[in-house]
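# Inside the fold
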Amino acid sequence: RWLPTTDKYIGGTSTVTPSLVVGGAGDSAGAMRLSGTITLGKTWSWAGILLNPGDKPVAPVDARACSELVFHVRGDGRELAVVLFSGAQMATEPPRVMIRPGKDRQEIRVPLARFPGADLAQFRAIAITAGLPAGAYEFDIDSVEIR
């Protein structure tokens, strides 16, 4: 259900490499590390990971009973975007919430109501991505839940 995502879909060249880091949040066996390089694109530059809650990539599911996204994250100080994809036809610029994790692991709680225009009856995916400025990035995510 996890897929790497980069700006290659719009002609970009940013990269992402997922890997496992031993010793995760709480009692988890490990965290997912995302690392790579953001390159300056013509429109929007990003790289990260996409969580697909449905059986197929970006297949809609009814998430109206859910109210928040909860996960643990640590990073290199770079701002990250949490992006929600939903609706019958996904928006060209889906709603996002920006976070800036530090070097210490922290729990992030994002109320789904913070994503303006989200259609939770047709929830398709959540992405956590690095963006500009150009350069190397690295962040770990763990214990991701949509509650």
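All of the points below concern the structure found in this document. All of these numbers come straight from a predicted model, not from anything done at the bench. (Residues numbered from 1 in each chain as written. Predicted model: local features only at pLDDT ≥ 70, side-chain atom pairs only at ≥ 80, totals over all residues. Heavy atoms only, no water.)

## Remarks on the layout of surface pockets
Of the voids in this model, the largest pocket is the one considered here, and its volume is about 390 Å³. Taken together, 18 residues make up the lining of the largest pocket; nearest its centre are Thr5, Tyr9, Trp46, Leu50 and Phe85. Of the residues belonging to the lining of the largest pocket, the class tally is 15 nonpolar, three polar and no charged. (1 Å grid on protein atoms, 1.4 Å probe; cavity = no way out; pocket = protein on both sides within 12 Å on 5 of 7 lines; lining within 4 Å. Points joined across faces, edges and corners; volume = space filled by probe spheres on them. Nonpolar A, V, L, I, M, F, W, Y, C, P; charged D, E, K, R; others polar.)

## Some points on the nonpolar core
One finds Leu34, Phe71, Val73, Tyr137, Phe139 and Ile141 to be the most contacted residues of the largest nonpolar core, which totals 27 residues. When residues of this core are traced back to their parent elements, those giving at least two are strand S3 (30-38), strand S4 (47-51), strand S5 (68-75), strand S6 (80-86), strand S7 (96-99), strand S8 (106-111), strand S9 (123-130) and strand S10 (135-146). The contact partners of Tyr137, leaving out residues within four places of it in the chain, are Thr15, Val16, Leu34, Ser35, Gly36, Thr37, Ile38, Ala47, Gly48, Asp76, Arg78 and Ala130. Counting six residues, the second largest nonpolar core, distinct from the first, contains Leu50, Ala81, Val83 and Ala127. (Core = buried A, V, L, I, M, F, W, Y, C linked by side-chain atoms within 4.5 Å. Buried < 20%, exposed > 50% of the residue type's maximum accessible area, 1.4 Å probe, protein only. Helix = DSSP H or I, 4+ residues; strand = E, 2+ residues; numbered from the N terminus. Contact = heavy atoms within 4.5 Å.)

## Concerning the pattern of salt bridges
For side chains bearing opposite charge, pairing can occur when the charged atoms are close. On inspection of all chains with the given rule, the structure shows eight salt bridges. Two residues, Arg74 and Asp140, come together in a salt bridge whose shortest N-O distance is 2.8 Å. Of this pair, Arg74 sits in strand S5 while Asp140 is found in strand S10, placing the two residues 66 residues apart along the sequence. One salt-bridge network, held together by shared partners, links Glu68, Glu107, Arg109, Glu145 and Arg147. (Salt bridge = Lys/Arg side-chain N within 4 Å of Asp/Glu carboxyl O.)

## A few points about the sheet that holds S3
Reading across from one edge, S2-S3-S10-S5-S8 is the order of the five strands in this open sheet, with antiparallel pairing throughout. What marks the edges here is a single partner per strand, and that holds for strand S2 (17-22) and S8. Neighbour-to-neighbour, the strand axes of this sheet turn through a mean angle of 35°, independent of strand direction. (Pairing = 2+ DSSP bridges. Axes fitted to C-alpha atoms, helices over the stretch in contact; angles between N-to-C directions.)

## Brief notes about the packing of aromatic side chains
Tallied over the full model, the rule gives two aromatic pairs. Aromatic side chains Trp44 and Trp46 sit 4.6 Å apart centroid to centroid with 40° between the ring planes, which places their arrangement in the tilted category. For Trp46, a relative accessible area of 10% gives the class buried. (Phe/Tyr/Trp six-rings, centres within 6.5 Å; stacked < 30°, edge-to-face > 60°.)

## Remarks on unusual backbone geometry
With an omega of 15°, the peptide bond running from Leu132 to Pro133 counts as cis. Within the chain, Val58 stands out as a residue other than glycine whose phi angle is a positive 50°. Checked against the element boundaries, Val58 lands in the loop between S4 and S5. On the basis of relative accessible area, Val58 is assigned to the partly exposed category, the value being 26%. The backbone phi angle of Ser143 is positive, close to 55°, even though this residue is not glycine. Counting through the fold element by element, Ser143 comes out in strand S10.

## Examining the sheet that holds S6
If you trace the five strands from one edge of the open sheet to the other, you get S1-S4-S9-S6-S7, paired in antiparallel fashion. Strands with a single pairing partner mark the edges of an open sheet, and in this sheet they are strand S1 (2-6) and S7. Geometrically, the sheet is characterised by an average inter-axis angle of 25° between neighbouring strands, direction not taken into account. Examined bridge by bridge, S6 and S9 share seven bridges and lie antiparallel to one another. Along S9, the bridge assignment pairs Leu80 with Ala130.

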